[in-house]
Amino acid sequence: MMYTEIKSYQIIIQSLKNRGIRHCVLSAGSRNVPFVHSVEEDPFFTCYSFTDERSAGYFALGLSQRIQEPVVISCTSATATCNYWPPVAEAFYQHVPLIVLTGDRDYEMLGQLEDQMIDQVDMYDRHVRKSVNLPVIRDNDDYIYCRRLVNEALLELDHNGTGPVHINVPLKQYNHAFTVKELPAVPQIERLQLSSPEEVWQKKIDALAHAKRILVIGGQESFISEAQQKAMAEFFHRFNSAIAVDYMSNVECEGTFNPSVCMDTRYVTGKKFKDYIPDIVITYGGNIFSGIKDMLLHNHGRFEHWLIKENGEVCDVFKSLTTIFECTPEHFFTYFDEHVSDNIKNDGLYYQSLKQYEQSVTIPEFAWSNIYAIQQVVTRIPSGSLLHLSINGSIRITNFFKLQPKVNVYANIGTHGIDGCLPSFLGQAVADEAIPSFLVIGDLSFFYGMNALRSRHIGHNVHILLLNNHGGEEFYYNGMWQNEASDLHTAARHHAVAEGWARSCGFTYLSAYDKASYDEAVKQFMNMAADKPMLFEVFTEMSTDSQTIFDFYNLSRPHDAVAEAKMKSKDFIKNTIGKERALKIARTLGIKR
């Protein structure tokens, strides 16, 4: 028994076997031969032959209705796929689970007089529950992407109802080679719902009970209920877990640590991070700002990823997703707290190691910089206040320091755009003028949205810390700055000042150029009884601000001479021959990035 060498079809075939989908209705053609011959040779599958795709689709519909199982229909490309339209529509309205496999050519050939090729992307439109267009697999990233798309499609066969799904399979060229003896292992993403059998949930409880390293990561959430925080704390006590949160998570419970510094990709080495790789990662909420996201992604496949997502959507952020829990985080943590055996005890070792590593970060006495300016404000913001952090530096730097409890933190990291930070903050501040409200914002973001400052709705509770370091510091931090020319169009260096606009809009305006002027002005800025909104403009230099962060990291970050030598070599090669060419050579040699 031999299978096709086309990896996309290998993934499809193994995924069908994972889910026990056996019945395939096959129509003649060339572009689906890799699939057809593979399944007709495999005794796992039961195959039926119909030359007419329209009849094949209706036959599969009737078969599925009788056996109460999903059925595959497979055809070649172009008008063959069009003949599936009537049975696919009928299956959609009768809620019959069909897997529609359409052969295709590489998308780059569309409209180039390629034989037997039409536009098949999303061709069944709203008459399928899910439509995916697989990549032509050229590297491992394509392979993982293809694997995810196949899982996404198959998961929708019976997600809150049943119906057909469409998988379009492009090929670079005709391929009739069957040289593969064994199909690859394809991880199956499963989805648990509230209605899932109790024994399925119990298997997950058993998995957690036997895991020694469980990492919960809280993504961005504007509000976390007390019930959820209590359930998370109980979960921490019952399982060998630790909870990674930054300030945008708005979580304050036992078992937490802040990975923002210690897991930053410019701080932790790959060798050091391996000391903390979890067995299971559990995530919920929105975007994850800290570098722990990138570090886990670099180590994909070494752990299971469990995703808590109320709508059940697939979000494979670490390329390691195995399970989706379609429920609220509060339900998830409460359920596991209540159903785990009392004999299971948390030895605390995983949390202790992570907490000690977080606490090993040295916080120095900072020189004059935007870090100093942020530190002296955010650490003084009173409990119960509102704090909005404009991206990215404001978020990064604020997470260096300890906030007072019960400070509600917001940031526009759903898209990471600089355009709406100021008006978003003002909308939050106006909702309750009794709550002190603070915005930490960089100059590019401020001047982008400065028109919002003239709103007549701004109250006395507004305190804006404007960090004017004359441009986009982020481009110095992330290595995009190349030379002085980069200041013109990338870092957007400028000499704009907000004073005139702030005063004309009715703000009390404060400014500082050094520690002495700052320390004097910050006292007035932190006055909660002010009779006007306040804007405090702090002037520093973006290049030295960026360097101050790196100097801070170097005080206590772990050093790995071998890894750092490799990194310098990679940087040299990329700068010499170009990043794309370097990656291409690495892929050819089988070297991972």
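Note that the coordinates shown come from a computational prediction; the quantities given were computed from them, not determined experimentally.

Considerations on the packing of helix α1 (residues 7-18) against helix α2 (residues 33-40)
Part 1 of the argument: Two elements in contact, α1 and α2, have axes separated by 10 Å at closest approach and are oriented at 40°. Between α1 and α2 lies a crossing of right-handed hand. Of the residues in α2, those in contact with Y9, I12, I13 and L16 of α1 are P34, F35, S38 and V39.
Part 2 of the argument: Partitioning the contact of α1 with α2 into residue classes produces seven nonpolar, one polar and no charged.

Let's talk about the pairing of strand β3 (residues 71-75)
Part 1 of the argument: The element β3 is extensively covered by neighbouring structure, given that five of its five residues are classed as buried.
Part 2 of the argument: Of the two faces of β3, both are covered, the one formed by V71, I73 and C75 as well as the one formed by V72 and S74.
Part 3 of the argument: Both strand β1 (residues 23-26) and β3 contribute to a ladder of three bridges, which runs parallel. Its bridge partner lying in β3, L26 is registered against S74.
Part 4 of the argument: Sheet topology places β3 next to strand β4 (residues 98-105); five bridges connect them, and they run parallel. Within β4, the position partnered with V71 by the bridge is L98.

Observations regarding helix α15 (residues 421-430)
Part 1 of the argument: Taken as a whole, α15 has its buried residues at C421, L422, F425, L426 and A429. All buried residues of α15 lie within an arc of 130° about the axis, which places them on one face of the element.

Points about the pattern of salt bridges
Part 1 of the argument: Under the criterion given, the structure shown has 25 salt bridges.
Part 2 of the argument: Between E114 and R105 there is a salt bridge; the shortest N-O distance is 2.8 Å.
Part 3 of the argument: You can call R105 buried: its relative accessible area is 12%.
Part 4 of the argument: Within the structure, one salt-bridge network assembled from shared partners comprises R31, R105, E114 and D115.

A closer look at the packing of aromatic side chains
Part 1 of the argument: Counted by the stated rule, this structure contains 40 aromatic pairs.
Part 2 of the argument: Centroid distance W85 to Y124: 5.7 Å. Interplanar angle 65°. Geometry classified as edge-to-face. Of this pair, W85 sits in helix α5 (residues 85-94) while Y124 sits in the loop between β4 and β5 (130-133); the two residues are 39 residues apart in sequence, bridging distant segments of the chain.
Part 3 of the argument: Aromatic rings pair up to connect W201, F235, F239, Y284, W306, F325, F332, F333, Y335 and F336 into one cluster.
Part 4 of the argument: Looking at R396, its charged tip hangs above the ring of Y477, at a distance of 3.8 Å from the centre.

Some thoughts on the sheet that holds strand β15 (residues 408-410)
Part 1 of the argument: With parallel pairing, six strands are arranged side by side in an open sheet as β15-β14-β16-β17-β19-β18. Because the sheet does not close on itself, it has two edges, and the strands there are β15 and β18 (508-512). Averaged over all pairs of adjacent strands, the angle between strand axes in this sheet comes to 15°, irrespective of strand direction.
Part 2 of the argument: Against the sheet, helix α13 (residues 370-378) engages β14 (386-389), β16 (437-442), β17 (462-468) and β19 (534-539), with an angle of about 165° to β17.
Part 3 of the argument: Along the sheet, helix α20 (residues 515-525) makes contact with β16, β17, β18 and β19, crossing β18 at roughly 155°.

Remarks on the nonpolar core
Part 1 of the argument: Ranked by size, the top nonpolar core spans 97 residues in total, and within it F235, I282, F332, F336, L387 and F536 carry the most contacts.
Part 2 of the argument: Element by element, the count of residues in this core is highest for α13, at six residues.
Part 3 of the argument: Setting aside residues no more than four positions away along its own chain, F536 makes contact with I464, L465, L466, L510, S511, A512, Y518, A521, V522 and F525.
Part 4 of the argument: F35, Y143, I167 and L183 belong to the second largest nonpolar core, which has 34 residues in total.

Some remarks on the packing of helix α7 (residues 198-210) against helix α11 (residues 329-339)
Helix-helix packing is characterised by the crossing angle of the two axes and by the distance between the axes.
Part 1 of the argument: Two elements in contact, α7 and α11, have axes separated by 11 Å at closest approach and are oriented at 80°. It follows from the interaxial angle that α7 and α11 lie roughly perpendicular. Taking contact as the criterion, the partners of E198, W201, K204, I205 and L208 in α7 are, on α11, H331, Y335, F336 and H339.

Topic: the environment of F92
Part 1 of the argument: Examined against the element boundaries, F92 turns out to sit in helix α5.
Part 2 of the argument: Residues F92 and Q375, spaced 283 residues apart in sequence, show a C-alpha to C-alpha distance of 57 Å.
Part 3 of the argument: With near-sequence residues (within four places) excluded, F92 lies in contact with R126, H127, V128, R129 and P164.

A short note on unusual backbone geometry
Part 1 of the argument: At the junction of I391 and N392, the peptide bond is cis and its omega measures out at -20° in the coordinates.
Part 2 of the argument: With respect to the secondary-structure elements, N392 resides in the loop between β14 and α14 (393-398).
Part 3 of the argument: For H95, which is not glycine, the phi dihedral falls at a positive 60°.
Part 4 of the argument: Looking at the element boundaries, H95 is found in the loop between α5 and β4.
Part 5 of the argument: Although it is not a glycine, K406 sits at a positive phi angle of roughly 65°.
Part 6 of the argument: Along the chain, K406 turns up in the loop between α14 and β15.
Part 7 of the argument: Of the residues examined, K406 reaches a relative accessible area of 49% and is grouped as partly exposed.

About the criteria used
Residues numbered from 1 in each chain as written. Predicted model: local features only at pLDDT ≥ 70, side-chain atom pairs only at ≥ 80, totals over all residues. Heavy atoms only, no water. Axes fitted to C-alpha atoms, helices over the stretch in contact; angles between N-to-C directions. Helix = DSSP H or I, 4+ residues; strand = E, 2+ residues; numbered from the N terminus. Left-handed = near helix turned anticlockwise from the far one by under 90°. Contact = heavy atoms within 4.5 Å. Nonpolar A, V, L, I, M, F, W, Y, C, P; charged D, E, K, R; others polar. Buried < 20%, exposed > 50% of the residue type's maximum accessible area, 1.4 Å probe, protein only. Pairing = 2+ DSSP bridges. Arc of directions from axis to C-beta. Salt bridge = Lys/Arg side-chain N within 4 Å of Asp/Glu carboxyl O. Phe/Tyr/Trp six-rings, centres within 6.5 Å; stacked < 30°, edge-to-face > 60°. Lys NZ or Arg CZ within 6 Å of the ring centre and 35° of its normal. Core = buried A, V, L, I, M, F, W, Y, C linked by side-chain atoms within 4.5 Å. Parallel < 35°, antiparallel > 145°, perpendicular 65-115°, else oblique.

So yeah, pure geometry; function would need other evidence.
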